[in-house]
Amino acid sequence: MRLLASDLGCVRSGREVFAGLGFSIAGGEAMVVLGRNGAGKSSLLRMIAGLVRVAAGRLALEGGDPEFTLPEQAHYVGHQDAIKPALTVQENLEFWASYLAGPATAKAAPEAALEAFALADLAALPAAYLSAGQRRRLSLARIVAVKRPVWLLDEPTSALDALAQERLAALMRAHLDGGGIILAATHTPIGLAGTKELRLGEPA
Amino acid sequence: MSGLAALLERDIRLAVRLGGGAPMGVLFFLIVVTLVPFALGPDLALLRRIGPAILWLGALLASLLALDRLFAADHEDGSLDLILMSSVSLELAVATKALAHWITTGLPLVIAVPVLALFLGLEPWTMGAVALTLLVGTPALTFIGTVGAALAVTLRRGGLILAILVLPLTIPVLIFGVAAANSAAVGPVPFGAPFTILCGLTLISFVIGPFAAAAALRHGLE
């Protein structure tokens with residue numbers, strides 16, 4: 001499996017964010033997207049997630065499931081956490097687990113996903129009472145509950161404590177060992193060794 | 001299919017827990033209908049004659065109340081992004097959300113009609129006709145409304161623009177809904193003709209609404 005981008009361009013409300021961007025990430029590889037604020041890190045992740053129009057160039061997932069589009073094979077964890085305060089932690093996770101999983105997609109039990117981020121004790125608590133870090137962990141639990149090969153993580157470690165960062169790093173390593181692809185936009189180290197780097201907004 | 005069932009369950013659960021939709025809609029409906037006799041005076045014959053129209057207008061306005069949150073809430077917390085990334089088609093997701101919205105706001109209005117019809121002194125037969133036309137017609141109001149809700153999703157004061165966008169489109173539904181209810185009450189047109197057209201309008205809205213709303217959502221992405 002290989003995520004390929006060639007000559008990628010992004011235009012948002014008439015302003016060119018980046019252009020001529022190319023990279024290739026093979027299965028089992030992680031790439032960290034670096035760059036100053038406003039360099040287009042989030043735009044790049046959202047473009048791969050199919051949420052921002054591809055203004056120029058080409059994006060493809062080679063060796064993926066031909067039945068599904070690239071966004072349907074990717075997990076996106078952005079700044080907004082898609083959590084409903086009126087639902088409990090478990091209900092939030094179960095909804096996304098059944099909505100994001102295709103009929104044939106492997107699905108871990110929501111309990112296991114909650115356990116992976118130490119949320120099992122909070123399962124029956126309405127999400128309105130979660131702290132910022134707990135919301136982030138619930139949001140990340142989604143990517144464990146449904147198996148998708150590409151992980152797009154926007155500032156995944158923000159608001160996470162040291163223990164949760166370690167858990168996330170361990171999960172990312174397991175995902176890479178299973179042949180998955182990770183693309184993370186971040187300013188802080190995410191705890192993975194041997195990652196590729198992509199710098200945005202600097203003359204190449 | 002399990003994804004759509006989960007979405008339906010989630011939206012109904014949210015509406016019940018937040019308590020915004022059904023009780024507020026029914027209360028608003030009650031207030032509109034109660035105000036009319038104060039404005040017109042206690043002329044029972046007049047009220048009886050225009051009763052079906054009042055009930056239809058009240059239901060139309062009440063059904064608009066919570067519509068602006070239909071997609072805006074999901075847009076603000078990022079849920080809409082994930083809905084777009086699912087392999088479930090967006091058109092079906094829109095239709096499911098509209099169905100959940102109708103169950104939590106439209107259906108309670110239909111159930112409230114018999115009580116409100118008493119206020120206006122309607123005959124039992126007319127009351128039944130109004131309830132039946134609203135049962136058939138309110139889904140059309142919701143499905144037409146989804147298009148407006150999808151267009152207004154990124155606007156901060158979406159509720160106002162939504163009413164302006166949606167109300168003109170609901171005129172045909174209003175005309176044939178009231179015509180069917182009136183024909184049952186006073187004649188002379190048989191009930192069947194306007195009622196069948198109303199059914200047709202609802203079916204058309206089922207087809208056009210989700211596709212137009214999904215197109216509007218995709219276009220409004222950026």
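Quick caveat: nothing in here was measured; it's all calculated off a predicted structure. (Residues numbered from 1 in each chain as written. Chains lettered and ligands numbered in written order. Predicted model: local features only at pLDDT ≥ 70, side-chain atom pairs only at ≥ 80, totals over all residues.)

Enquirer: Help me understand the nonpolar core, please; the structure alone is not making it clear to me.
Expert: Burial of nonpolar side chains together is a common tendency in soluble globular proteins. A:Leu93, A:Ala141, A:Leu152, A:Leu183 and B:Leu55 are the most contacted members of the largest nonpolar core, which totals 121 residues. Of all the elements, helix 7 (residues 124-151) of chain B adds the most residues to this core, at 13 residues. Apart from residues no more than four positions distant in its own chain, A:Leu183 is found in contact with A:Ile25, A:Met31, A:Val33, A:Leu45, A:Ile48 and A:Leu152. (Core = buried A, V, L, I, M, F, W, Y, C linked by C-beta atoms within 7 Å. Buried ≥ 20, exposed ≤ 12 C-beta atoms within 10 Å, placed from the backbone. Helix = DSSP H or I, 4+ residues; strand = E, 2+ residues; numbered from the N terminus. Contact = placed C-beta atoms within 7 Å.)

Enquirer: It is not clear to me how the sheet that holds strand 5 (residues 74-77) of chain A should be interpreted in this structure. Could you clarify?
Expert: Strands in a sheet are paired, the pairing made by backbone hydrogen bonds, and the direction either parallel or antiparallel. All names here are of chain A. Strand order in the open sheet made by the five strands is 5-6-7-3-8, with parallel pairing throughout. A strand with exactly one partner marks an edge of an open sheet, and here the two such strands are strand 5 and strand 8 (196-199). When the angles between neighbouring strand axes are averaged without regard to direction, this sheet yields 15°. Pairing of strand 5 with strand 6 (residues 150-154) involves four bridges; the strand directions are parallel. Across the sheet, the residue bridging to Tyr76 is Leu152, located in strand 6. Helix 5 (residues 162-177) rests against strand 3 (30-34), strand 6 and strand 7 (181-185) of the sheet, and its axis sits at about 140° to strand 7. (Pairing = 2+ DSSP bridges. Axes fitted to C-alpha atoms, helices over the stretch in contact; angles between N-to-C directions.)

Enquirer: Even after reading the chapter, I still don't get the packing of helix 2 (residues 89-100) of chain A against helix 4 (residues 132-145) of chain A, so can you show me in this structure?
Expert: Between two packed helices, the angle of one axis relative to the other and the distance separating the axes together describe the packing. All names here are of chain A. Relative to each other, helix 2 and helix 4 sit at 40°, their axes nearing to 9 Å. Taken as axis vectors, helix 2 and helix 4 run oblique relative to one another. Crossing of helix 2 against helix 4: the hand is right-handed. Judged by residue contacts, Val89, Asn92, Leu93, Trp96 and Ala97 of helix 2 engage Leu138, Ala141, Arg142 and Ala145 from helix 4. In the contact of helix 2 with helix 4, the residues fall into seven nonpolar, one polar and one charged. (Parallel < 35°, antiparallel > 145°, perpendicular 65-115°, else oblique. Left-handed = near helix turned anticlockwise from the far one by under 90°. Nonpolar A, V, L, I, M, F, W, Y, C, P; charged D, E, K, R; others polar.)

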